[in-house]
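So you can see what is in the structure, the chains are spelled out below.
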Amino acid sequence: MSLLLMLSLVAQAATGLSTLPSITIDKPTISVSAQGKALISVKSTEYKIVLYADISAETENKAREQAELMREAIKAVVREMGGQEKDVVLINLNTLQPIEEDPYYRVEQDIQVWLKNVDDINIAKEKFMLTGIQIGSITPLINEVSDYTPAIEKARSDAVKNAQEEANALANAAGVKLGEPIYITESILYPTYTGYETSGESVITVTVIIFYNMIYRK
């Protein structure tokens, strides 16, 4: 019966601990986990924006009228930037009655806007803010995953290189030789884009787990 000896290295990854998969290998092995990262340039021209266009007035009718005027002002800004009325969607509307501490009627409305062909998101932000509207969130929409291919290839190459170096160091420390890889798996962490705008650069992360054949020194 052969001796099954496995030396495992668990690496701390960005998303937590990367653990070895549950597999059975009936031979001495050395396993390592390693990462590679690559920068990608991202330029978004399409955005999803949530606006808080809340209104208060002395009467309920006046509050509703002003809320409607605020929605029309948002549509006007969108048209000015090349959009259409259908790109403006009311996603929340709530009317609050006066209370003792606040004698005004209030209309709370959240409006979602899609903007396309945007050269500078800061200009769009300024146009909305000048109308007295609060910006809730701005999310750039990134769809061209195929553009990630060169970054993935570089990150993968670096991850495999790092794994090789880790495995060699582990083998030397254990007094054994490193053989050929007998099992390889990878996971890819794509960048997520949230907040007010994209940064100029984002990171692709590739994590690999590699099992190497372990050779005893004679």
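Now for a description of the structure that goes with this document.

What counts and what doesn't
Residues numbered from 1 in each chain as written. Predicted model: local features only at pLDDT ≥ 70, side-chain atom pairs only at ≥ 80, totals over all residues. Heavy atoms only, no water. Helix = DSSP H or I, 4+ residues; strand = E, 2+ residues; numbered from the N terminus. Buried < 20%, exposed > 50% of the residue type's maximum accessible area, 1.4 Å probe, protein only. Contact = heavy atoms within 4.5 Å. Areas by Shrake-Rupley, 256 points an atom, 1.4 Å probe, with all protein chains shown as cover. Phe/Tyr/Trp six-rings, centres within 6.5 Å; stacked < 30°, edge-to-face > 60°. Salt bridge = Lys/Arg side-chain N within 4 Å of Asp/Glu carboxyl O. Polar contact = N/O pair within 3.5 Å; in protein donor to acceptor, adjacent residues only side chain to side chain. Expected span 1.5 Å × (residues − 1). Core = buried A, V, L, I, M, F, W, Y, C linked by side-chain atoms within 4.5 Å. Arc of directions from axis to C-beta.

**Topic: the overall build of the chain**
Phase 1 of the analysis: When you go through the chain residue by residue, the secondary structure sums to 3 helices and 11 strands.
Phase 2 of the analysis: Reading the secondary structure of the chain in the N-to-C direction produces β-β-β-β-β-β-α-β-β-α-β-α-β-β.
Phase 3 of the analysis: Taking all 218 residues of the chain together, the buried fraction comes to 34%.
Phase 4 of the analysis: The contacts of the chain with a sequence gap of at least 6 include a subset with a gap of at least 24, amounting to 75%.
Phase 5 of the analysis: Split by element, the accessible area of the chain, about 13100 Å² in all, is 50% carbon and sulfur.

**Concerning the packing of aromatic side chains**
Phase 1 of the analysis: In this structure the tally under the stated criterion is 2 aromatic pairs.
Phase 2 of the analysis: Each ring, one from Y148 and one from Y190, has its centre 5.6 Å from the other, and the planes form 35 degrees; the classification is tilted. With a gap of 42 residues between them, Y148 in the loop between β9 (134-140) and α3 (149-174) and Y190 in the loop between β10 (176-189) and β11 (201-216) connect regions that are remote in the sequence.
Phase 3 of the analysis: Classification of Y148 as buried rests on a relative accessible area of 8%.
Phase 4 of the analysis: Here Y183 and F211 contribute two aromatic rings whose centre-to-centre distance is 5.3 Å and whose plane-to-plane angle is 65 degrees, an arrangement assigned as edge-to-face. Pair noted here: Y183 is in strand β10 and F211 is in strand β11, with a separation of 28 residues, a long-range link.
Phase 5 of the analysis: In this structure F211 comes out as buried when scored by relative accessible area, which is 1%.

**Here's the deal with the pattern of salt bridges**
Charged atoms that come close allow side chains of opposite charge to pair.
Phase 1 of the analysis: With the rule as written, the count across this model stands at 9 salt bridges.
Phase 2 of the analysis: Where R64 meets E60, a salt bridge forms, and the shortest distance between an N and an O atom there is 3.2 Å. Of this pair, R64 and E60 both sit in helix α1 (residues 60-80), 4 residues apart, which is roughly one turn of the helix.
Phase 3 of the analysis: Each of E72, K75 and E85 takes part in a single network of salt bridges with overlapping partners.

**A few points about the side chain of T205**
Phase 1 of the analysis: Relative to the assigned elements, T205 resides in strand β11.
Phase 2 of the analysis: A distance of 3.2 Å separates polar atoms of two side chains, one belonging to T205 and the other to K37.

**A short note on α3**
Phase 1 of the analysis: With 26 residues, α3 should reach 38 Å at 1.5 Å per residue; the first-to-last C-alpha distance of 37 Å fits that figure.
Phase 2 of the analysis: Along α3, the positions that sit buried rather than exposed are A151, I152, A155, A159, A163, A167 and A171.

**Concerning the nonpolar core**
Phase 1 of the analysis: Ranked by size, the top nonpolar core spans 24 residues in total, and within it I49, L51, I74, V113, L115 and F128 carry the most contacts.
Phase 2 of the analysis: When residues of this core are assigned to their parent elements, the largest contribution, 6 residues, is made by α1.
Phase 3 of the analysis: Listed in part, the 21 residues of the second largest apolar core include I40, Y148, A155 and V208.

**As for helix α2 (residues 121-129)**
Phase 1 of the analysis: All buried positions along α2 are accounted for by I121, A124, K125 and F128. Taken end-on, α2 shows its buried residues confined to a sector of 100 degrees, consistent with a single buried face.
Phase 2 of the analysis: Elements in contact with the buried residues of α2: β5 (47-52), α1, β8 (105-115) and β9.
Phase 3 of the analysis: In this structure D120 caps α2, since a side-chain oxygen of it lies 2.9 Å from the backbone nitrogen of N122.

**Some remarks on the environment of A34**
Phase 1 of the analysis: Tracing the backbone through its elements, the reader meets A34 in strand β4 (residues 29-41).
Phase 2 of the analysis: Under the relative-accessibility criterion, A34 is labelled buried at 7%.
Phase 3 of the analysis: With 152 residues separating them along the chain, A34 and E186 place their C-alpha atoms 9.6 Å apart.
Phase 4 of the analysis: Leave out the neighbours within four places in its chain, and A34 touches A159, N162, A163, V206, T207 and V208.

**Describing unusual backbone geometry**
Phase 1 of the analysis: Non-glycine residue N117 carries a positive phi angle of around 55 degrees.
Phase 2 of the analysis: Mapped onto the fold, N117 is located in the loop between β8 and α2.
Phase 3 of the analysis: Classification of N117 as exposed rests on a relative accessible area of 69%.

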